[in-house]
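Commentary on secondary and tertiary structure
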Amino acid sequence: MTVDQRTRVDRPRLPVDPAAFFEQELPAAFDAQAALVAPAAAWLGPPPLTVEVDGTCYRLTLDGDGPRVQPGGRTSDGDGHLRLTVDQLTDLAHDQVTPAAWLSNGTLALAGMRLEHLLDWWLLLRGALDARAPYVPGTVELADEDGSPLDLRRSFRLEDPPEVLRGFLERAGYLRLDGVFSEAEMGAVAADMDRAAPRYAPGDGRSWWATTEDGRDRLVRMQGSDAESPAVARLLDDERLRRIEALTGDGHRLAGQGERNRIEALIKPLGVLRGLSDLPWHKDCAQGRHSYMCCSLTLGISVTGADATSGQLRVIAGSHRALMWPSFLRPEPGLGLPEVDLPTRTGDVTVHLSCTLHMAQRPVARERRVLYAGLRLSRHHGADSEAEAADVQ
């Protein structure tokens, strides 16, 4: 198996012609991928959506055979209405952006439709354009090689056989490794975090801040922590991380020495009122670029332990193998995939794939400290040439 799902490489792109896209390319993709998309269309059943690009409208509807495009359509009662620029349409067509990204950056121009229905249409569009079946319940099996159910709450040690670790990560989308680092090592990291904190400031472009219930602005994320902490820098050069890098066999690697943000130190305080501290359910490709970057890996190194009262990580098992909403959880009846808590002790490490749906619980009893580092795929196995491979970001 492999966790490398990339199908695109970065290269210059011409703007998408709206008429050609909606009158030729998208209808052809819906027809070609009808067998892949139809089950999800029947399950999701979004209401009609009119997409307006530079004053011209195209209406997306469902019929008995799946999604259809009506050129020159106009918004009818009960339709949603989405306004896009040509640049937005180009980014959408090339998987550079999702509706969740438009929502977060304030550029979503949607009327007459709830966001979840727009996300459903995004699933059908991505399924057709990328020849990838959108998720419907029951299509992801969480079983071991021998067919037995996975123990989703299982934890491992770094000394376990690599094929065991790799197999679980590939099937479940995450991994919890006990006791990778010592309490003394994590104590040194915590002390360095305290010494480094005064060197960060709001608006410095390398830190995130949040306001807590007592009115204080709290530092919650310190980027480039290896440059500020000798203890963190030592971790990045440790052979234990080299072994995690090699787990999948897909060529994952940490950012190189001197790169701007190799690792981040997070503090998760109590009582956050404003600011991004405890992120809701999302995939790391939620803003876009799944087909260019997934699956990269994210390592969480527990400087302090975490549980349900102190900001633990939670994941949706198997979600990395499913084309589903990139952010938020579908309401009842839901996805039919298990939500799994990943409590940790000091020195434990969590690993999750970039398109595994996950969230951080809000601390209610004590603060949490954690380091996060990304492992990216170092080359595109499907690239047409070494030059194209070098363009992958």
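The preceding data block contains the structure.
Description of the structure in this document. (Residues numbered from 1 in each chain as written. Predicted model: local features only at pLDDT ≥ 70, side-chain atom pairs only at ≥ 80, totals over all residues. Heavy atoms only, no water.)

A short note on the sheet that holds strand β14 (residues 339-342)
- Across the sheet, three strands lie side by side as β14-β13-β16; this open sheet has antiparallel pairing. Here the strands that pair on one side only, and so sit at the sheet edges, are β14 and β16 (358-360). Going from strand to strand, the sheet's axes swing by 25° on average, the running direction of each strand aside.
- Two strands pair when backbone bridges link them, and strand β13 (residues 313-316) and β16 are joined in this way by three bridges, in the antiparallel orientation. Bridge pairing links R314 to M359 in β16. (Pairing = 2+ DSSP bridges. Helix = DSSP H or I, 4+ residues; strand = E, 2+ residues; numbered from the N terminus. Axes fitted to C-alpha atoms, helices over the stretch in contact; angles between N-to-C directions.)

Here's the deal with unusual backbone geometry
- Put simply, C294 and C295 share a cis peptide bond, and its omega is 5°.
- Its location among the elements puts C295 in the loop between α11 (290-293) and β12 (297-302).
- Phi angles above zero are rare outside glycine, and R289 is one such case at about 75°.
- Following the sequence through the fold, R289 ends up in the loop between β11 (272-274) and α11.
- Its relative accessible area of 16% is what places R289 among the buried residues.
- Positive phi values are uncommon outside glycine, yet F328 reaches one of about 75°.
- We classify F328 as partly exposed; its relative accessible area is 33%. (Buried < 20%, exposed > 50% of the residue type's maximum accessible area, 1.4 Å probe, protein only.)

Regarding the side chain of S207
- Tracing the backbone through its elements, the reader meets S207 in strand β7 (residues 207-212).
- A polar contact of 3.3 Å, which involves the side chain of S207, links it to the backbone oxygen of A201.
- Among residues more than four places away in sequence, those in contact with S207 are Y200, A201, L219 and R221. (Polar contact = N/O pair within 3.5 Å; in protein donor to acceptor, adjacent residues only side chain to side chain. Contact = heavy atoms within 4.5 Å.)

As for the packing of aromatic side chains
- If you walk through the whole model with that rule in mind, you get five aromatic pairs.
- Ring geometry for F22 against Y58: centres 4.5 Å apart, planes inclined by 15°, an arrangement best described as stacked. With F22 in helix α1 (residues 18-32) and Y58 in strand β2 (residues 56-63), the pair connects residues that are 36 residues apart, well separated along the chain.
- Note on F22: relative accessible area 2%, which makes it buried.
- By relative accessible area, Y58 is classed as buried at 3%.
- Note on F168 and Y174: the rings are 5.6 Å apart at their centroids and 90° apart in plane angle, and the pair reads as edge-to-face.
- The exposure class of Y174 is buried, given its relative accessible area of 1%.
- What links up through ring pairs into an aromatic cluster is the set F21, F22 and Y58.
- When the ring centre of Y200 is taken as origin, the NZ or CZ atom of R206, which lies over that ring, is 4.1 Å away.
- When the ring centre of Y292 is taken as reference, the NZ or CZ atom of R289 above it lies at 4.7 Å. (Phe/Tyr/Trp six-rings, centres within 6.5 Å; stacked < 30°, edge-to-face > 60°. Lys NZ or Arg CZ within 6 Å of the ring centre and 35° of its normal.)

With respect to the pattern of salt bridges
- In the structure shown here, the tally under the stated rule is 32 salt bridges.
- Between R68 and D31 there is a salt bridge, with the nearest N and O atoms lying 3.7 Å from each other. Of the two residues, R68 sits in strand β3 (residues 66-71) while D31 sits in helix α1, which places them 37 residues apart along the sequence.
- Here R242 ties to E245 by a salt bridge, and the two come within 2.7 Å at their closest N and O atoms. Of this pair, R242 and E245 both sit in helix α10 (residues 239-245), three residues apart, roughly one helical turn.
- Here E245 falls in the buried class, since its relative accessible area comes to 13%.
- Three or more residues are tied together by salt bridges with common partners; here these are R8, D95, R126 and D130. (Salt bridge = Lys/Arg side-chain N within 4 Å of Asp/Glu carboxyl O.)

Quick look at α1
- For α1, with 15 residues, the first-to-last C-alpha span of 20 Å sits near the 21 Å given by 1.5 Å per residue.
- If you check which residues of α1 are buried, you get P18, A20, F21, F22, L26, A29 and F30.
- Against the buried residues of α1 lie α2 (34-44), β1 (49-53), β2, β3, α3 (86-93) and α5 (115-130). (Expected span 1.5 Å × (residues − 1).)

Quick look at the nonpolar core
- Residues Y174, L175, L177, V189, I244, V351 and L371 are the most contacted members of the largest nonpolar core, which totals 66 residues.
- The contact partners of L177, leaving out residues within four places of it in the chain, are F156, R157, L158, L165, I244, D348, V349 and V351. (Core = buried A, V, L, I, M, F, W, Y, C linked by side-chain atoms within 4.5 Å.)

Details of the packing of α2 against α5
- Interhelical geometry of α2 versus α5 gives an angle of 175° and a closest axis separation of 10 Å. As the angle between them shows, α2 and α5 are arranged roughly antiparallel. Here V37, A40, A41 and L44 of α2 lie close against α5, whose contacting residues are D120, L123, L124, G127 and A128.
- Taken together, the residues of the contact of α2 with α5 break down into seven nonpolar, one polar and one charged. (Parallel < 35°, antiparallel > 145°, perpendicular 65-115°, else oblique. Nonpolar A, V, L, I, M, F, W, Y, C, P; charged D, E, K, R; others polar.)

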